[in-house]
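What follows is the residue order along each chain.
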Number of protein chains: 2
Amino acid sequence: MTTAPDAHRSAGRPRTAVLSRERILAAAFALADVRGGDFTLAALARSLGVRPSALHHYFAGKDELIAGMRGQLTSRVGDHGFDTLPWHEAIIPWARTYRVTFGAHPGIVAALATLPVADEPESMLDYERIARAMHRDGYPEHRIVPAIVALESFIIGSALDSLTPEDNLRPVSAPDRTPHLTSAEEAARAQLRTHDRSAATETFEFGLAALVAGLRAAGTAATVSGPTESGV
Amino acid sequence: MTTAPDAHRSAGRPRTAVLSRERILAAAFALADVRGGDFTLAALARSLGVRPSALHHYFAGKDELIAGMRGQLTSRVGDHGFDTLPWHEAIIPWARTYRVTFGAHPGIVAALATLPVADEPESMLDYERIARAMHRDGYPEHRIVPAIVALESFIIGSALDSLTPEDNLRPVSAPDRTPHLTSAEEAARAQLRTHDRSAATETFEFGLAALVAGLRAAGTAATVSGPTESGV
DNA sequence: ACCTGAACACCGTTCAAGT
DNA sequence: ACCTGAACACCGTTCAAGT
């Protein structure tokens, strides 16, 4: 929370611009970091010592601001050795970074996940690296995009999961009505103590390894079955 | 959009109650069905021919309303033969239903995914069925909950993905800068024409099969590796 | 008990007015 | 060009007042 450097600034154009896309984005991330804090343009303007209307000079609206944040986050994820490692190895640190990068801003993940990716160059170059590595490693051409999107869905879902209160799935209310779930929960909890990781992170690592292994195997298998759209 | 049966109702208590939790929830789902429509209490009240403040008689606030919707959706998912089929078979139709049930309400998925699951009995009984089946099939006790949560993360992420515009990942802007991604996208698109499914559904089926296969294999493998929390 | 109507403290966005 | 300040059309929530 940056305090206003000059709270009672006079009207009219300042001698030197107090705002910039960079400064606004930085303040926006700082605002999105706080947990329960509602991510509003009013609060953002307040933290910058400025009126809300001033923000519209740099971003057309709230959606464009969030899109800007998303673009900056995507470019932060960066490369993870896709050129030197097999795709199924390089994808692991990439997925980890992706999850913590997006999960680090509780006030905004939902908006980031929901907002249509308006064809960002950053995302495209990110995907291109992965697609190239998978192609090089002989992954079936028509399954490359589905595999990447499936991974992304899991990562986004995991980022959202990491924001829920810790004891989310713990059946406190009626342990006698959910005996198997309760004992499974306890077993998982006991296992957790041997690691330096949260339950959400442990689950993510477990699921990620499983998904990547499954995607790898599917890259060499014959076909995938399932019902038609109209049959659902 | 239900129109008000009596738009200019007089003030004071009506002879017979015009609202109920059931009626409000039904109208809320109808409202959440429309794509771009903002899900507001004002719009909900309007569709019920009632003032916004009247809703607070049945739900403490917007969050409680959404929690009520979530509970109703969860109980709709229901059983899918976990008692008679192996968990890795019964889980497939369960996951499909889960995704379409939550994905059917664009205006609300993000809120559903974000809102902390306040210990709903419906969810707990749902998870109990799965946990019992996995336990019966010899799945390692401490991995049952992580497996379920990983699946749920994938499903939530896929539900969000299914709401984005169709050509989301298609690199329209600079196909020459993303050659591998572009050709992979085209190959996937060609493959898609042979099925009666959307790209999102195809990806979901592919990823689901891979994840379940991976989780199954992890249930018989030795250990899962990964970095510690502090090392991320 | 069940709803209206007014009130409160907010939103995001637009736009004339100042320098 | 860059910001303020007022204005607009909204929000969700509270609460006295009516029947």
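Every value quoted in this text rests on a predicted model; they were computed, and no experiment measured them.

Caption draft 1: Main features of the UniProt feature "domain: HTH tetR-type" (unreviewed entry) in chain A. As annotated by UniProt and renumbered to match this structure, "domain: HTH tetR-type" (unreviewed entry) occupies residues 18-77 of chain A. Taken end to end, residues 18-77 of chain A has its terminal C-alpha atoms 29 Å apart, with 67% of it in helix and 0% in strand.

Caption draft 2: The packing of aromatic side chains, seen in detail. All names here are of chain A. For the structure on display, the rule yields eight aromatic pairs over all chains. Their ring planes at 75° and their centres at 5.4 Å tell us that W87 and Y139 sit as a pair that is edge-to-face. Of the two residues, W87 is situated in helix α5 (residues 87-103) and Y139 in the loop between α7 (121-136) and α8 (141-161); the sequence distance between them amounts to 52 residues. Like Y139, W87 is buried. Connected via pairs of aromatic rings, a cluster forms that spans W94, Y98 and F102. Just above the ring of F204 sits the side chain of R99; from NZ or CZ to the centre is 4.7 Å.

Caption draft 3: α5(A), seen in detail. All names here are of chain A. Between its first and last C-alpha, α5 extends 23 Å over 17 residues, near the 24 Å set by a 1.5 Å rise per residue. Summarising burial for α5: 12 of the 17 residues are buried, a large majority. The complete set of buried residues in α5 reads W87, H88, A90, I91, I92, W94, A95, Y98, R99, T101, F102 and G103. Looking at the buried positions of α5, the neighbouring elements they touch are α4 (62-77), α6 (109-114), α7, α8 and α10 (199-218).

Caption draft 4: Summary view of the side chain of B:E128. Secondary-structure assignment places B:E128 in helix α7 (residues 121-136). Buried charge without a partner: B:E128 forms no salt bridge, and the closest opposite charge is B:R132, 4.3 Å away. At a separation of 2.8 Å, a polar atom in the side chain of B:E128 contacts the main-chain amide nitrogen of A:L181. In this structure B:E128 touches A:R177, A:T178, A:P179, A:H180 and A:L181, once residues within four positions along its chain are discounted.

Caption draft 5: Seen up close, the nonpolar core. By size, the foremost hydrophobic cluster in this structure holds 134 residues, and its most contacted members are A:L44 and B:L44. Other than its neighbours up to four places away in sequence, A:L44 contacts A:I24, A:A27, A:A28, A:L31, A:L55 and A:L65.

Caption draft 6: Spatial organisation of the packing of helix α5 (residues 87-103) of chain B against helix α10 (residues 199-218) of chain B. Residue and element names in this part refer to chain B. Interaxial distance between α5 and α10 falls to 11 Å at its minimum, and their mutual angle equals 145°. Here α5 runs over α10; the crossing is right-handed. In this structure, α5 uses W87, H88, I91, I92, A95, R96 and R99 to contact α10, whose residues at the interface are A200, T201, F204, E205, L208, V212, L215 and R216. Residue composition of the contact of α5 with α10, grouped by class: nine nonpolar, two polar and four charged.

Caption draft 7: Looking closely at the environment of B:M134. All names here are of chain B. Within the secondary structure, M134 sits in helix α7. A C-alpha to C-alpha distance of 36 Å links M134 and A30, two positions 104 residues apart in sequence. Contacts of M134, omitting those with residues within four sequence positions, involve W87, Y139, I144, A147 and I148.

Calculation rules
Residues numbered from 1 in each chain as written. Chains lettered and ligands numbered in written order. Predicted model: local features only at pLDDT ≥ 70, side-chain atom pairs only at ≥ 80, totals over all residues. Heavy atoms only, no water. UniProt positions renumbered as here; feature names shortened; annotations may be inferred. Helix = DSSP H or I, 4+ residues; strand = E, 2+ residues; numbered from the N terminus. Phe/Tyr/Trp six-rings, centres within 6.5 Å; stacked < 30°, edge-to-face > 60°. Buried < 20%, exposed > 50% of the residue type's maximum accessible area, 1.4 Å probe, protein only. Lys NZ or Arg CZ within 6 Å of the ring centre and 35° of its normal. Expected span 1.5 Å × (residues − 1). Contact = heavy atoms within 4.5 Å. Lys, Arg positive; Asp, Glu negative; His and termini not counted. Salt bridge = Lys/Arg side-chain N within 4 Å of Asp/Glu carboxyl O. Polar contact = N/O pair within 3.5 Å; in protein donor to acceptor, adjacent residues only side chain to side chain. Core = buried A, V, L, I, M, F, W, Y, C linked by side-chain atoms within 4.5 Å. Axes fitted to C-alpha atoms, helices over the stretch in contact; angles between N-to-C directions. Left-handed = near helix turned anticlockwise from the far one by under 90°. Nonpolar A, V, L, I, M, F, W, Y, C, P; charged D, E, K, R; others polar.

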